[in-house]
Structures are given as structure tokens and as C-alpha cells.
Amino acid sequence: MLKPEIYDTGSPCQIDRWTGREKHVLVFNYTLTCPLACDFCCFHCHPGRQEKMPLDLAVSLVKQAVGVLYAGMLLAKEISVSIYNAISDSLNDHLFGERIFAAKAYGVPPLGRQAEKTLKSYCKKVESGDSKIIINYTLLEYLANYAGSWIDRLALSLMRVGFPVVGCTTIFQETAASVAILNAVKKLCPDVVTIIGGSNCTDSMAEGIVSLSAGIDYVFSGESESVFPEFLNNVLCGCPPLISIIPGEPCMDMDGIPTPDYQDYFQQREYCQKNGLSLPDLMKLPYETSRGCWWGQKFRCTFCGIRVTRFRKKSPDRVIEQLKSFLEKYPYQKIVNADEIMPYSYFKVLIPRLEKEIPSLHMFYEVKANLTLRQVRALCDAGIKVIQPGIEALSSPLLKQIRKGILSRQNIALLRYARSVYIQLDWNLLHGFPGDRPEDYEHYLTLIPRLRHLNPPNSFGKVYIVRFNSYFRFPDEYGIKYLKPKAVYSDILPEGSDLGKIAYYFDGEFSSIISKSPDLVKTIDDEVQAWRNAWLTASGELPMLFVSHVKSDIYLLLDTRGLPGMKNMQVIWHKQATAALVGRPITGNHTHSEEIEWAIENKLCIELDSWYVPLATADADLLEGLEAKSP
């Protein structure tokens, strides 16, 4: 087993090399390539309510007093970026991020009490950048032992700088690392005020965090725009709060949130790169234009784990102002919107303005999938080059069951539109919903090979029961029995911990395709992997199903999907091109026109949701023109 490449094993982390030493408060952020890791943000202030502290003073206090340490870069500098990313990108079944720091945080055996029994046979090869990482018990055990010494050196270096307040953020798998750091800091200097916040501190989870460690003084629960500056002022004035859990409130005035400041991030990045850390030149900088989910306010998706769906958004003027300032300060960067969903109203005002006022933009957004071709073109023209649509399934009965508010044919249409417009899709295909049936998925076996020319999903992944989703809140409604925290929590947390208040991931017994038809799940997963491989291993041209206009009534159809018996190239006529590109409802008597018969025979069209659903792509102008002329 190859050991990780270690750059700096003996010396303490040189956090005194950056300007954060001049500040009073240090907040840890573990994300390696993304400066924003959670909803506990020290650069947000809320002007909408009457504060004890004026807004300008609150903003000034936070910016002057708070530094952010991106500890993930320091750790990656020592264990290698490839290993760091392989662990952080791993699935949530084993909670490797929590296991690696559990011994240092809670005093349990390395990786947990039953780790050897649970993980001894685990072995998975992971593509991480240009490297292939084998995650197995040997590597995990090594990292767990290494994490302890790294925490000690980090805390020692931190104390040499002398921050009176030290905080950590925790989302997903960051609680054990946060607890370990704050415990180490408190042990070295008991007078330091330790704080923690993030989505793992939401509602009753805050009580669970308090119970985990006496080394944590205060837990921020919820959005903390208004309460954090006031807390900071009181602590630095010698009047700390008497309660350990500081409740926050949803920020309703999004325009009052200052433009993010990533100066600390770039300073630390430069230092780490000079000392052996290899990172890509172009960064994806987080920004947010809204919070909550406008769809979830009406019909919450059953698997969604968002705690606060109440939707709030910034005005288009504020977005334009902040993005211009942002890109001027951090040129040539890609912007990743942290929104749960793009405000739909932006199509009318903001999207057209972005194209005209910020022509160099390259942005990511999460969107609802029921977009028209014109809307997809508008996103692309505005510089929104990557979108994450909530597709999740290609079965309308299943989409209805999970309350997506969309049909399968609309999801397929978006896949086609995105390929035609050259927008990249980042999407997921899910299975294992409580109550799903094999018949919800069986058509995938014939459908997926026909979609090989379209942007593949990241995986065919199973659905998790997570805190705050409908399966967690209403288990009886979905036939879920014996709901309990995932077993890994009892393996790594201290004896007597209230797992029900700490856990984010849960297990339960319920009927689904996973138990009913495991062979079908495996076969579909193989098809999805073949789909992904067709894109990942493509040398030159990606698979295509493309119609181009030659002249007059003559078109050319190129089909490189690799389906048996299909021609790679053929000349077709206008009606055939229309059948391959334009959807239409099936008539009452279900009769096929000659061109529809031809399209179905050539696997260019399928019958779905009482429609003839086309599968081919084309130049956006041609596609839009044909759609406009179709009855």
C-alpha cells in the first residue's frame, strides 16, 4: 500500500504567515477548493430588523475582527490533494470524514469501535483528478492516526497566534473534525472562547452538538446574520451570553447581505501553493442570490433535506452590482451560485441583463428542470454555462410520487436542449425511494442506451433518509419502520450520546426496488456506467444524434450512439427531421404518421407520457424554428 505523499510532517502549520493573525476571531472552513462551506457565514449582516448594533458598525466589526482559515488546504498540502478529494467525495454510507477524526474528537478507537469488522474488507478505486486512489482499511487507518497529530500541530500553531475566539463550521461530515479542533484549542488555552455553527447545528442538532464536547462554548443554530455581530461585540466587550445555544433567524433582506470577501482564502491558497500544494488555476467562487426553495414552499420534494424552504431572493440590481464588484476583485473566476434553486422571476429581468452587462460571466445555477428551449438559450447567453436541474428520475409515475412537479418527457427535453445549446448538466438519477416499484424503472433498460448522446447523470444513486426530509418527518406515511440513526454514529460517538439529536443520516425498513429487484438495480447501474464511459472515454467526438439542415427539404442525420442496426449517417426529409426533433401529443386513436413510424423504428423517438418524445438534437436555431412551426 502506497502511503500518501507527505509534504510537511514535522513542522507546525504556518498559519501565522497570513494576515488573520491581526484579527480577534478565527473561523475554520474545511473546503479545499470552495471558500463557502456552510450557512454559518461571517460576512452576512441583516439590515431589515432593528438591531441593537447599527448595520454599518456590525459589518465593520465582523470584517475587521474575523479571519477565516481554510484548514482543508493545510491538510491537503500534507496528505495530497488526490487523497483529500477522494475521501471528501466518497459516499455517505460509511461517513469516512467523521470516522477519520473520531478518535481525536471523542477518544474512541481509530475509525470507530467496530471499524475493523465493518471496513476491513472495504476496497474501492476512485478517480481523483489525474490519480487513481484505492480507499481501503489501510489508508483509512493511516489517515485516522495522521489526523490526530495534524490536529495537535494545528492547535499549537493557532495558540501561538493568540486568537481570543475560535470557531468551526460543520456540514455533512465535518462535526468530528470541528470537535477535535475545538477540544485541542480549549485544552491548550482554556480562556479561548470556542464557537461552532453550520447546518449540522440546526434545531435539535444544536443540543446534540453541545452534548458532544465541553470544549465548545457556544453553538449557533440557524442563519446568524443578525446574532453573530451582536454576540461578537458582547464577547469582545467582556459580556458573553449566558446561554450556550444562540438561535438565529432566516434573513429576509437578501439585498442587505454584503458582497463575499475571499481575501483570506486567496492569501492562504498562495501560501499553500508556494509550499507544495497543487490546485487548478481557475477557481469556482461561491455566491448566492437566494435562499430557500420556491417550489418547496408549495410542494416539497419528498427526499429534500432543506430545513428552511421559505424563499427569499436578491433584487436584480443588487445581483448585478455585487457580481461586477466580485469579478473586478477576483478576475477570471467561475461563479458557483449556492442557491437551492434559481429564482424563476430572474428570467424576465436578471438573465437578459447579465448577457449585456457582464458578458464574460461563467456561472453555475441549480434550476427546476421544466425549462423551454428559449429559456435554456437565455441561460447560456447570460453566461450560465453549467446547471444542476432537479431531474432525479425518468419515470413520470415516480416523479409524481416524489412530488417533483414535472414529467419524464420534460426531463428528456431539457437533456436535449442543453446538448443543443452546449450547456453542461450536473444531474443525478436516483432510486430506492420508499414505495417505488420495479415497473417504475424497467423501461430504463431500453431508454438509457437511446440517450447516450445526451449529458449522462453523475450516477444511479440510492436515496438517503436525512434529517428534515419527508421520509424522516413522516415515516409512517411512507411505510418506513424502525427509523434510527445510521449505525456508524453509535460506532464513533461517545457513549451515552443522544444519536437522535446528532445524526443527519438515518436508516429504516421499507419496501423499495433495492429489496424487491436488486438485479434490476445492478443492470440499470451498468447501463448508466456505460453511458458515462461513452462520455468520459470519448477521444474527440462525443456520441451524437444530430440533425443538420443541408438545403431546402434536405437534412442530414448523424447517429453515433452505437445502437445495433442503426445507420451512422442518412439523408432525411423535412417531415422526418421534424419527427426526430419536435414532440407532439399522441392522438386519441394512437395512429402513427409515416414519419413517426420511421422515427420510432430508427430509435429517434419514443412514446412516453401520451406523447411522441423526440430524442435528437440540432443547432438551437433550427430546433427553435421547427418547434415554432409545429402545430
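For the structure, see preceding data.
Residues numbered from 1 in each chain as written. Predicted model: local features only at pLDDT ≥ 70, side-chain atom pairs only at ≥ 80, totals over all residues. Heavy atoms only, no water.

Peer 1: Got a sec to walk through the packing of aromatic side chains? Specific residues and values, please.
Peer 2: According to the stated counting rule, one finds 26 aromatic pairs in the structure shown. With 5.6 Å between their ring centres and 65° between their planes, F220 and F228 make a pair best called edge-to-face. Exposure remark for F220: the relative accessible area of 0% places this residue in the buried category. Using a relative accessible area of 2% as the deciding quantity, one classes F228 as buried. Look at Y262 and Y330: their rings are 6.0 Å apart centre to centre, the planes differ by 40°, and that puts the pair in the tilted class. Separated by 68 residues along the polypeptide, Y262 in the loop between strand 8 (245-247) and helix 10 (263-274) and Y330 in the loop between helix 11 (316-329) and strand 12 (334-337) bring together distant segments of the chain. Looking at Y262, the relative accessible area reads 5%, which means it is buried. For Y330, a relative accessible area of 7% translates into the label buried. Over the ring of W295 we find K368; its NZ or CZ atom is 4.3 Å from the centre of that ring. (Phe/Tyr/Trp six-rings, centres within 6.5 Å; stacked < 30°, edge-to-face > 60°. Buried < 20%, exposed > 50% of the residue type's maximum accessible area, 1.4 Å probe, protein only. Helix = DSSP H or I, 4+ residues; strand = E, 2+ residues; numbered from the N terminus. Lys NZ or Arg CZ within 6 Å of the ring centre and 35° of its normal.)

Peer 1: Before we move on, could you go through helix 12 (residues 350-357) and cite the residues and values that matter?
Peer 2: Burial in helix 12 covers these residues: L350, I351 and L354. For helix 12, the buried positions fall inside an angular range of 100° around the axis, keeping them on one side. Residues of helix 12 that are buried make contact with helix 11, helix 13 (373-381) and strand 14 (384-389). (Arc of directions from axis to C-beta. Contact = heavy atoms within 4.5 Å.)

Peer 1: Tell me about the sheet that holds strand 20 (residues 505-509), residues and numbers included.
Peer 2: One open sheet holds the three strands; their spatial order is 18-20-19, and the pairing between them is antiparallel. Of all the strands in the sheet, the pair left with one neighbour each is strand 18 (465-466) and strand 19 (481-485). For strand 19 and strand 20, the ladder comprises three bridges, and the chain directions are antiparallel. Counted as the bridge partner of K484 is D507 from strand 20. (Pairing = 2+ DSSP bridges.)

Peer 1: How would you summarise the side chain of T578 if you had to cite specific residues and measurements?
Peer 2: Structurally, T578 can be placed in helix 22 (residues 574-581). Beyond its immediate chain neighbours, meaning those up to four positions away, T578 contacts R584 and L626.

Peer 1: Lay out the pattern of salt bridges with the relevant residues and their values.
Peer 2: A full pass over the atoms with the stated rule returns 29 salt bridges. With a shortest N-O distance of 2.6 Å, E207 and K501 are connected by a salt bridge. Highlighted residues: E207 in helix 8 (residues 205-212) and K501 in helix 19 (residues 499-502), separated in sequence by 294 residues. Look at E207 and you get partly exposed, because its relative accessible area is 40%. On the basis of relative accessibility, which here comes to 28%, the residue K501 falls in the partly exposed class. The structure contains a network of salt bridges with shared partners spanning E223, E225, E288, R291 and R312. (Salt bridge = Lys/Arg side-chain N within 4 Å of Asp/Glu carboxyl O.)

Peer 1: Lay out the sheet that holds strand 21 (residues 545-551) in plain terms, naming residues and giving numbers.
Peer 2: Strands sit in the order 23-22-21-27 across an open sheet of four strands; the sheet is mixed. Both edges of this open sheet fall to strand 23 (569-573) and strand 27 (617-618), since each of them pairs with a single strand only. Pairing analysis gives two bridges linking strand 21 to strand 27, with the strands arranged parallel. Directly across from F546, in strand 27, lies its bridge partner T617.

Take it as geometry only, folks, not as evidence of what the structure does.
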